[in-house]
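Chains, contacts and geometry: an overview
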Amino acid sequence: MSLWWLWGGPASDLPPTNTIRVNWPRLKSFEDTALGITGLVSAWPMSEDAGSAQCLDRVGGNQATVNGVTLGATGLLFEDEATAASFDGVNDYLSIADATNLDTTDTFSFFVVIDRTTTGTKHYLAHKGTGSWGLYVSAADLLTLEEVGTADIVASTATVDNAAHSVCVTKSGSTVKLYFDGIDVTGTVTNQTLANTATALEIGRSQAAGDPFAGTMQWPLLFNVELTPAQVASLHVAFEFGE
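About the criteria used
Residues numbered from 1 in each chain as written. Predicted model: local features only at pLDDT ≥ 70, side-chain atom pairs only at ≥ 80, totals over all residues. Heavy atoms only, no water. Core = buried A, V, L, I, M, F, W, Y, C linked by side-chain atoms within 4.5 Å. Buried < 20%, exposed > 50% of the residue type's maximum accessible area, 1.4 Å probe, protein only. Helix = DSSP H or I, 4+ residues; strand = E, 2+ residues; numbered from the N terminus. Expected span 1.5 Å × (residues − 1). Arc of directions from axis to C-beta. Salt bridge = Lys/Arg side-chain N within 4 Å of Asp/Glu carboxyl O. Pairing = 2+ DSSP bridges.

Some points on the nonpolar core
The biggest cluster of nonpolar side chains holds 40 residues, and the ones touching the most others in it are Phe110, Leu125 and Trp133. Looking at which element gives the most residues to this core, the answer is strand S9 (residues 107–116), with four residues.

Following this line, the structure appears as structure tokens:
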């Protein structure tokens, strides 16, 4: 991107070589931004070819097994040719076998870019089993974090419509935040203490095979730290405006 400053005096006084060009730095790509954040446990770009049996983890070796999900869908990132994953809202999901580095106990962050097909329907984005965390969009279209099998912890103050958005949850003990397009939309928090589980991390449905996600999803990221507001904002900016 370039900005040209034009001479303000008489045109006759302006030599053709006296134009000043200012070069602005290019924004980082989403991949560079995500992989540069400390505490990243796993990152699934979901850019594999249609028919692939797995979505590969770029960081932690936690490959995701494809169950009905259609790969090769149009991607959601700005000016990025990488493809995404499409979920039919019936029985599509990704399953990641339990691993030590997926056991984040009560401190974690989860970020993902989504585009829902429908609203007014409960859609699970991720789920780690009873006693751990689940993240879903409620039938009221509110982003919601729960302790699975116990109670909701917090719901967003903004609704999630059927357009491309970034959503994120961060938790460190009783400090819990929800973000929508990089903006803090945290509602009233009723904290629950999360525990590790031996069950798989599933993307796009609950462990009980209920409330499957319908829409497109790209770049789920799991961190073992609480992201700062600035880090969440940097991920959203990279999604919206990255090169």
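What follows picks up the thread again.
Observations concerning helix H2 (residues 229–241)
Taking 1.5 Å per residue, 13 residues should reach 18 Å; H2 reaches 18 Å between its end C-alpha atoms and fits that length. Taken together, the buried positions of H2 are Val232, Leu235, His236, Ala238 and Phe239. Looking down the long axis of H2, one finds its buried residues gathered within 160 degrees of arc, a one-sided arrangement. Exposed and oriented more than 90 degrees from the buried face of H2 are Pro229, Ala230 and Phe241.

Description of the pattern of salt bridges
According to the stated counting rule, one finds eight salt bridges in the structure shown. A salt bridge links Glu31 to Arg58; its shortest N-O distance comes to 2.1 Å. Of this pair, Glu31 sits in helix H1 (residues 30–35) while Arg58 sits in the loop between strand S4 (54–55) and strand S5 (64–67), and the two are 27 residues apart along the sequence. For Glu31, a relative accessible area of 29% corresponds to the partly exposed category. We classify Arg58 as partly exposed; its relative accessible area is 43%. With a closest N to O distance of 2.6 Å, Glu202 and Arg205 form a salt bridge. As far as the burial class goes, Glu202 and Arg205 line up, both buried. Shared partners join several salt bridges into a network, and the residues in it are Asp98, Asp103 and Lys128.

A closer look at the sheet that holds strand S11 (residues 133–137)
Taken together, the eight strands give an open sheet; going across it, the order is S4-S5-S8-S17-S10-S11-S12-S13, and neighbouring strands pair in antiparallel fashion. For this open sheet the edge positions go to S4 and strand S13 (151–159), each flanked by a neighbour on one side alone. Here four bridges tie strand S10 (residues 123–127) to S11, and the two strands are oriented antiparallel to one another. If you follow His123 over to S11, its bridge partner there is Val137.

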